[in-house]
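# Observations on the three-dimensional arrangement
Each chain, written out:
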Amino acid sequence: MKKIAVVGTGYVGLVTGVGLSHIGHEVTCLDVDHEKIDLLQKGRSPIYEVSLEPMIQENQKQKRLSFTSKYEDIQESEIILIAVGTPQQTDGSANLTYIYEAAEAIAQTINQGVTVVVKSTVPVGTCQDVKNYIQAKTPFPIQMVSNPEFLREGNALKDLFEGDRIVIGSDDRKAIQTVMEMYAPFDIPMMTTDLASAEMIKYASNAFLATKISFINEISSICEKVGANVEAVAKGMGMDRRIGSSFLQAGIGYGGSCFPKDTKALVQMAGNVEHQFDLLESVIHVNNKQQNKIVDQMKERCGSLVGKRITILGLAFKPGTDDLREAASLVILDRLLREGAFITAYDPVAMPRAKEKFPAVTFASNVKEALAGADLAAIVTEWDEFKELPLPLYDELMNEPILFDGRNCYSLDEVREQDIEYYSVGRPAIGYRKSAPLTHKA
């Protein structure tokens, strides 16, 4: 078992560090955010991820996992993983400030040769630059590895322990062997390559998945106009093994910490080498348009939204997380407020973060409270709580049962059995009566 340090306790760093401790390594997770470290030292997770907090506590109890904000505490580590943020800059490129801050601290701290593993998503060429930067500041030998992550928020632990592959990129065979030994207990297929290719694999993978999402969303818009059902179309496409069914679910676009940032960064990288990435630019454009779809549907149905009482169900960019980064809900809430609507929102876990951003929004304590007296309702995040909500409740609780389902949570057959007006993505509208204005119940 190895002595490992993980710099950065966001989704990637924390989940990876906890997972490595769980398979027997001695892991120290470091973060310069003292409040976050204080919370972790008490066995509490600063992020919402199913089963993560109990695993933190278990491995702390076994003395395999510790947390610190002092670089001196990791100076004897054999392997140091860098998992800090690389936020998007205004031009779409990745901000590497935190990467180089970590590199500087590592160079000033280590007292022996070390394998540095970059898990952060970084532009091609960054790992080599970081190696050169550290090596110029320390006499101890540095082995550099690019080890991109493929963790889905809400399923991160499952992906760590049951992933499709582990990509290890380096020009140093000893470094590759060291990292392969570190990951061996996971028993996941490993692919080895050079630094630059490993860095590109991450961007290319996310860009391709984002492309599938935008493609099926464009198909959904055509389906609405020609009377086809996008779910049937996607099923027929997905049965072709060359295409596959994953990421062919029509909806209101992708969000989160990876797809939006990585697609824009790859476009910027292409531009830096004088390549116009037309396809990916279109993918981004389609997604931006798709995030406005629900509001467009509402305005088409109602005309003005001034004074309308609208319920938003779901705020996180996907179920299983409290992350609001690039969530469709942010676009929707902002636009509805500008349209003059009164908004009540509910999300099982993401409301504390949303309250900081939207003081003008009313936040309900449960889904029934959120729906009470609403003129319109929209499902923005496909939490199971919403997918399992009985349809008659919309008629019972709302002023008018008019539902905009941005994630296609209900089957059309199920909706047809109810007295409800229903709009989804890429499927026929149900119960729409153009001549029927919104009227308040007595």
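This one's a predicted model, so the numbers in the text were calculated from it and none came from an experiment. (Residues numbered from 1 in each chain as written. Predicted model: local features only at pLDDT ≥ 70, side-chain atom pairs only at ≥ 80, totals over all residues. Heavy atoms only, no water.)

Looking only at helices and strands, the protein has 18 helices and 14 strands in total. Among the 442 residues that make up the protein, the fraction classed as buried is 55%. Accessible surface for the protein amounts to roughly 19,700 Å². Of this, 50% is attributable to carbon and sulfur atoms. In the protein, which carries 46 positive and 59 negative side-chain charges, the distance between the mean positions of the two groups comes to 2 Å. (Helix = DSSP H or I, 4+ residues; strand = E, 2+ residues; numbered from the N terminus. Buried < 20%, exposed > 50% of the residue type's maximum accessible area, 1.4 Å probe, protein only. Areas by Shrake-Rupley, 256 points an atom, 1.4 Å probe, with all protein chains shown as cover. Lys, Arg positive; Asp, Glu negative; His and termini not counted. Charge placed at Lys NZ, Arg CZ, Asp CG, Glu CD.)

As a further point, take the pairing of strand β9 (residues 309–313). One face of the sheet, then the other: side chains in a regular strand alternate in exactly this way. Of all five residues making up β9, four are buried, and the element is well covered by its neighbours. Of the strand pairs in this sheet, β9 and strand β10 (residues 342–346) are connected by five bridges, and their pairing is parallel. Each bridged residue has a counterpart across the sheet, and for L313 the counterpart in β10 is Y346. Taking the sense of rotation as the criterion, the β-α-β connection linking β9, helix α13 (residues 328–338) and β10 turns out right-handed. Sheet topology note: the β9/strand β12 (residues 376–379) ladder contains four bridges and is parallel. (Pairing = 2+ DSSP bridges. Right-handed = clockwise from strand over helix to strand, strands pointing away.)

Below, the discussion takes up the packing of aromatic side chains. The geometry of an aromatic ring pair comes down to the distance between the two centres and the angle between the two planes. A complete count under the given rule lists nine aromatic pairs for this structure. Centre to centre, the rings of Y100 and Y133 are 5.2 Å apart; their planes meet at 80°, and the pair counts as edge-to-face. Separated by 33 residues along the polypeptide, Y100 in helix α4 (residues 97–109) and Y133 in helix α5 (residues 126–135) bring together distant segments of the chain. Among the residues examined, Y133 registers a relative accessible area of 27% and is labelled partly exposed. Feature note: the residues F161, Y183 and F186 constitute an aromatic cluster, connected by ring pairs. (Phe/Tyr/Trp six-rings, centres within 6.5 Å; stacked < 30°, edge-to-face > 60°.)

Before going further, it helps to spend a moment on helix α3 (residues 52–61). Taken together, the buried positions of α3 are L52, M55, I56, N59 and Q60. End-on, the buried residues of α3 take up no more than an arc of 135°, which puts them together on one face. Away from its buried face by more than 90 degrees, α3 exposes P54 and K61. Of the residues trailing α3, K63 is marked for its positive phi of about 65°. (Arc of directions from axis to C-beta.)

Right, let's talk about the pairing of strand β6 (residues 142–146) for a bit. Counting buried residues in β6 gives five out of five residues, a clear majority hidden from the surface. Of the two faces of β6, the one holding I142, M144 and S146 and the one holding Q143 and V145 are both buried throughout. In this sheet, β6 lies alongside strand β5 (residues 114–118) in parallel orientation, the contact comprising five bridges. Each residue of the ladder has a partner; that of T115, found in β6, is Q143. For the crossover from β5 across α5 to β6, the handedness is right-handed.

What follows deals with the sheet that holds strand β13 (residues 402–405). Sheet architecture is open: six strands sit in the order β11-β10-β9-β12-β13-β14, paired in parallel fashion. Strands at the two margins of the open sheet, each flanked by one partner only, are β11 (362–363) and β14 (421–423). Along the sheet, α13 contacts β9 and β10; its crossing angle with β9, the most-contacted strand, is approximately 175°. (Contact = heavy atoms within 4.5 Å. Axes fitted to C-alpha atoms, helices over the stretch in contact; angles between N-to-C directions.)

Turning to unusual backbone geometry, a few remarks are in order. Positive phi is not limited to glycine here, since F247 has a value of about 65°. Along the polypeptide, F247 turns up in the loop between α9 (230–238) and α10 (259–272). Take F247: its relative accessible area is 28%, and that puts it in the partly exposed class. For E274, which is not glycine, the phi dihedral falls at a positive 60°. Along the chain, E274 turns up in the loop between α10 and α11 (278–290).

Before going further, it helps to examine the packing of helix α8 (residues 195–226) against α10. Between α8 and α10, whose axes approach to 9 Å, the crossing angle comes to 115°. Classed by the angle they form, the pair α8 and α10 counts as roughly perpendicular. Of the two possible hands of crossing, α8 and α10 adopt the one that is left-handed. Between α8, through M200, K202, Y203, N206, A207, L209, A210 and I213, and α10, the contact on the second element is made entirely by F259, D262, T263, A265, L266 and M269. Residues of the contact of α8 with α10, tallied by class, amount to ten nonpolar, two polar and two charged. (Parallel < 35°, antiparallel > 145°, perpendicular 65-115°, else oblique. Left-handed = near helix turned anticlockwise from the far one by under 90°. Nonpolar A, V, L, I, M, F, W, Y, C, P; charged D, E, K, R; others polar.)

On to the pattern of salt bridges, then. Applying the stated rule across the entire model yields 23 salt bridges. A salt bridge links E149 to K202; the nearest nitrogen and oxygen atoms lie 3.0 Å apart. Residue E149 is found in the loop between β6 and α6 (156–162), and its partner K202 is found in helix α8; the two are separated by 53 residues along the sequence. For K202, a relative accessible area of 3% corresponds to the buried category. A salt bridge links K293 to E224; the shortest N-O distance between them is 3.1 Å. Pair noted here: K293 is in helix α12 (residues 293–302) and E224 is in helix α8, with a separation of 69 residues, a long-range link. Of the residues examined, K293 reaches a relative accessible area of 11% and is grouped as buried. Here the salt bridges share partners, and the residues they tie into one network are D296, K299, R335 and E339. (Salt bridge = Lys/Arg side-chain N within 4 Å of Asp/Glu carboxyl O.)

Let's shift gears to the environment of D240. The topology assignment puts D240 in the loop between α9 and α10. Side chain to side chain, D240 and R242 meet in a polar contact 2.7 Å long. (Polar contact = N/O pair within 3.5 Å; in protein donor to acceptor, adjacent residues only side chain to side chain.)

Let us look at the nonpolar core. Counting residues in each nonpolar core, the largest one holds 63 residues, and the members touching the most others are I312, L315, L336, Y394 and Y410. Aside from chain neighbours lying at most four places away, what touches Y410 is I379, F386, K387, L389, L391, Y394, L403, D405, V415, Y422 and R427. Core analysis: the next-biggest nonpolar cluster, separate from the first, contains 41 residues, A5, Y71, A103 and V118 among them. (Core = buried A, V, L, I, M, F, W, Y, C linked by side-chain atoms within 4.5 Å.)

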